Amino acid sequence: MSLPGPTPLQSFLGGVGLAFPVQAFLSLNHNTFGISGFIHGAARGNLEDSMSVLGLISGGLAIAAIEGGKPMVQNSPPLHLVLSGLLVGVGAKMSNGCTSGHMICGLSQFSIRSIAATTTFSMTASLTARLFHGALAALPGDTSLGAHGSAFLISIGAALASTLAASRVINAGVRARQAVAFCTAFAFAFALRLSNLSDQRRVLAFLLTPAHAAFDSSLLYLAIGAVPLSSLLYRVGKVRVPSKGRVDARLLAGAALFGIGWGMEGICPGPGLINFGWALAAGSGIMPIATWLGAVIIGGFLVPS
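Residues numbered from 1 in each chain as written. Predicted model: local features only at pLDDT ≥ 70, side-chain atom pairs only at ≥ 80, totals over all residues. Heavy atoms only, no water.

Novice: What am I meant to see in the environment of threonine 124 here?
Specialist: In this fold, threonine 124 is placed in helix H6 (residues 112–132). A relative accessible area of 17% means that threonine 124 is categorised as buried. Aside from chain neighbours lying at most four places away, what touches threonine 124 is Ala255, Ala256, Gly259 and Ile260. (Helix = DSSP H or I, 4+ residues; strand = E, 2+ residues; numbered from the N terminus. Buried < 20%, exposed > 50% of the residue type's maximum accessible area, 1.4 Å probe, protein only. Contact = heavy atoms within 4.5 Å.)

If you want it as structure tokens, here you go:
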């Protein structure tokens, strides 16, 4: 039996795997890999955002084919799922980003707004997790690559190769952008699953902080793998993200609401979409994830653009 603890190698390599599709998307489509933005854009009919959403869901379907089983879904009351999703949707729209846009992309670009947003939603998520999940049990650790780690790494590489091929084979324009959106999201899904941070229990265990017996540092290993490499790739790349303004009350309030919703369930938009695809393939656990995602979409519509 494995002792309680993190999954350092898997989480670190998963973080490294996240950096490449994020930078490929920026370099080829000149846009930030922000998954909450993809969801809100797709809900309003944006085809490029829809392809990103489809790529993440398709990644979940492919993960099911490799790994089997089904995603871990907390036995949460429907009202709890709806409130969490609404807060995540409203908060991400107000703060113009979620964990992917602010924590991975923004921090790697040394964005002051993203630093403020990440600090804020991490604090409110931690406080909320301790309130709702103080009885969470410690998860087993694993210092190896895992049973499916090699397959996930190969899949990440294949998806990134497809991204580059699509950007060169398809004539520049809308179709090329859509192909890049799909392929980078597909690669992102495998990297996130490799990291084990698509499992809401590990996210919640991290948010409980080291003071709790169930604390799991896997998310820290993901950040160590993702953020420095993303920053390096951003520095050597040619595309720059313009500043989106100063830190204001809307940003901080939105980040705080996002953090509360995140801490309630341990789900943010990326894992939500990936696990939805996995649940569809498994034929189990579909409704709770669909309920949460539907609430995220509604939350986005509640906030004026």
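Next comes the rest of the write-up.
Novice: How should I be thinking about helix H7 (residues 149–169) in this particular structure?
Specialist: Turn by turn, an α-helix covers 3.6 residues, leaving residues three or four places apart pointing in a common direction. The end-to-end C-alpha distance of H7, which contains 21 residues, comes to 30 Å, matching closely the 30 Å that a straight helix rising 1.5 Å per residue would cover. Buried residues of H7: Gly149, Phe152, Ser155, Ile156, Ala159, Leu160, Thr163 and Ala166, and no others. One side of H7 carries all its buried residues, which in axial view fall inside an arc of 135°. In this structure, H7 carries Ile154, Arg168 and Val169 as exposed residues pointing more than 90 degrees from its buried face. Looking at the buried positions of H7, the neighbouring elements they touch are helix H1 (8–29), helix H3 (47–67) and helix H8 (174–195). (Expected span 1.5 Å × (residues − 1). Arc of directions from axis to C-beta.)

Novice: Would you explain the nonpolar core in this entry?
Specialist: Note that soluble globular proteins tend to have their nonpolar side chains buried in a common cluster. With 64 residues, the main nonpolar core has Phe33, Ile35, Leu56, Phe188, Phe258, Trp262 and Leu273 as its most contacted residues. Broken down by element, this core gets its largest block of residues, 10 residues, from H8. Residues contacting phenylalanine 258, with those up to four places away along its chain left out, are Leu87, Val88, Gly91, Ala92, Cys98, Thr99, Phe121, Cys268 and Pro269. (Core = buried A, V, L, I, M, F, W, Y, C linked by side-chain atoms within 4.5 Å.)

Novice: Help me understand a nonpolar patch on the surface in this model?
Specialist: Side chains of Phe12, Leu220, Tyr221 and Ile224 sit close together on the surface and give an oily, nonpolar patch of about 340 Å² of accessible area. If one sorts the elements of the nonpolar patch by residue count, helix H10 (residues 218–236) sits on top with 3 residues. Turning to its location among the elements, leucine 220 is positioned in helix H10. (Patch = residues over 30% accessible without salt bridge, like charges linked within 9 Å, V, L, I, M, F, W, Y side chains within 5 Å. Areas by Shrake-Rupley, 256 points an atom, 1.4 Å probe, with all protein chains shown as cover. Salt bridge = Lys/Arg side-chain N within 4 Å of Asp/Glu carboxyl O.)

Novice: Would you take a moment to explain the pattern of salt bridges for this structure?
Specialist: Should their charged atoms come close, side chains of opposite charge can pair. Tallying each qualifying case throughout the model produces 5 salt bridges. The partner of arginine 193 in a salt bridge is glutamate 67, and the shortest N-O contact between them spans 2.7 Å. Residue arginine 193 is located in helix H8, and its partner glutamate 67 is located in helix H3; the two are separated by 126 residues in the primary sequence. Accessibility expressed as a relative area gives 12% for arginine 193, which makes it buried. Assessed through its relative accessible area of 24%, glutamate 67 is described here as partly exposed.

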